[in-house]
Amino acid sequence: MSKYVKELVTRDIKRELDGVEDAVLVSYVGMDAITTNELRGELDAKDIRMLVVKNSLARRATEGSSLAPAFEGTCGQVAVCWGASDFVSLVKEIVRLDKDSSKYEKFTAAGGVMDGEKLDADRLKEVSKWPSREEQISMLSGQILGPGSQLSAALLGPGKKLNSQIKKIAEGDE
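Nothing here was measured: the structure is a model prediction, and the numbers come from that model.

**Q** Help me understand the overall build of the chain in this model?
**A** Summing up its helical and strand segments, the chain has six helices and five strands in all. In summary, the chain has a C-alpha radius of gyration of 26 Å against a globular reference of 16 Å for 174 residues, an excess of more than 25%. With respect to the three principal axes, the spread of C-alpha positions in the chain is 100 × 40 × 25 Å. Counting over 174 residues, the chain shows a buried share of 33%. The contacts of the chain with a sequence gap of at least 6 include a subset with a gap of at least 24, amounting to 76%. By element, 53% of the accessible surface of the chain is carried by carbon and sulfur atoms, the whole surface being about 11,100 Å². Side-chain charges of the chain comprise 25 positive and 28 negative groups, with the mean position of each set lying 3 Å from the other.

Quick look at the structure:
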């Protein structure tokens, strides 16, 4: 590959990954074209992008960015995955596809980067067990609303008892 072509490809990779801070590296060497298209379709449905990169060019393109640690020490052909609603959702989907050995036998999660920290495959599996952004929001909402509903019940309970007693007295007088 000529120096000029390398510069063009590096620039394209840099432009494609512009703004991406967290990503997962996957390997799918040996998958046939039909299975690869099915995989890309599943990823696209979850708003996940996948870009196949040459390691040396990816290292050059991500130099000085938060993605750079992901490519340290990588070998062979890899693809970079990013997107989804949040990083945990991305990792959950990648790990789920990695476990689907019947359909995507050659697809494996190789590592990634989160907040500038390099993650190996085992660490990705740990992250996949974390609650996603939506799950965290629902847990937080429940925690915020819980005390209010308990307070409301505590305040309304005696009032209801008093109301029923007043109603009984009023019915007895008529």
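From this point on, the discussion continues.
**Q** Please clarify how the side chain of T74 should be interpreted in this entry.
**A** With respect to the secondary-structure elements, T74 resides in the loop between α3 (55–61) and β3 (78–83). Polar contacts involving the side chain of T74 include one to the side chain of R59, which spans 3.3 Å. In this structure the side chain of T74 is engaged in a polar contact, spanning 3.0 Å, whose partner is the backbone oxygen of F71. Excluding residues within four positions of it along the chain, T74 makes contact with L25, N55 and R59.

**Q** Would you mind going over helix α2 (residues 33–45) with me for this structure?
**A** Since the α-helix turns once every 3.6 residues, residues separated by three or four places project in the same direction. Between its first and last C-alpha, α2 extends 18 Å over 13 residues, near the 18 Å set by a 1.5 Å rise per residue. Taken residue by residue, α2 has T35, T36, L39 and L43 as its buried positions. The buried side chains of α2 occupy one side of the element, clustering within an arc of 100 degrees when seen end-on. α2 presents A33, I34, N37, D44 and A45 as exposed residues on the side facing more than 90 degrees away from its buried surface. Buried residues in α2 make contact with β2 (48–53), β3 and α4 (87–99). For α2, the N-terminal cap is D32; the gap from its side-chain oxygen to the backbone nitrogen of I34 is 3.2 Å. Following α2 by one or two positions, D47 has its phi on the positive side, about 65 degrees.

**Q** Got a minute to help me understand the pattern of salt bridges in this structure?
**A** Per the stated rule, a full pass over the model turns up seven salt bridges. Across the pair R123 and E126 runs a salt bridge whose closest N-O atoms are separated by 3.0 Å. Taken together, the residues R123 and E126, both in helix α5 (residues 121–127) and three residues apart, mark about one turn of the helix. In this structure E126 comes out as partly exposed when scored by relative accessible area, which is 44%.

The rules behind these values
- Residues numbered from 1 in each chain as written.
- Predicted model: local features only at pLDDT ≥ 70, side-chain atom pairs only at ≥ 80, totals over all residues.
- Heavy atoms only, no water.
- Helix = DSSP H or I, 4+ residues; strand = E, 2+ residues; numbered from the N terminus.
- Rg over C-alpha atoms; globule rule 2.2 N^0.38 Å.
- Buried < 20%, exposed > 50% of the residue type's maximum accessible area, 1.4 Å probe, protein only.
- Contact = heavy atoms within 4.5 Å.
- Areas by Shrake-Rupley, 256 points an atom, 1.4 Å probe, with all protein chains shown as cover.
- Lys, Arg positive; Asp, Glu negative; His and termini not counted.
- Charge placed at Lys NZ, Arg CZ, Asp CG, Glu CD.
- Polar contact = N/O pair within 3.5 Å; in protein donor to acceptor, adjacent residues only side chain to side chain.
- Expected span 1.5 Å × (residues − 1).
- Arc of directions from axis to C-beta.
- Salt bridge = Lys/Arg side-chain N within 4 Å of Asp/Glu carboxyl O.

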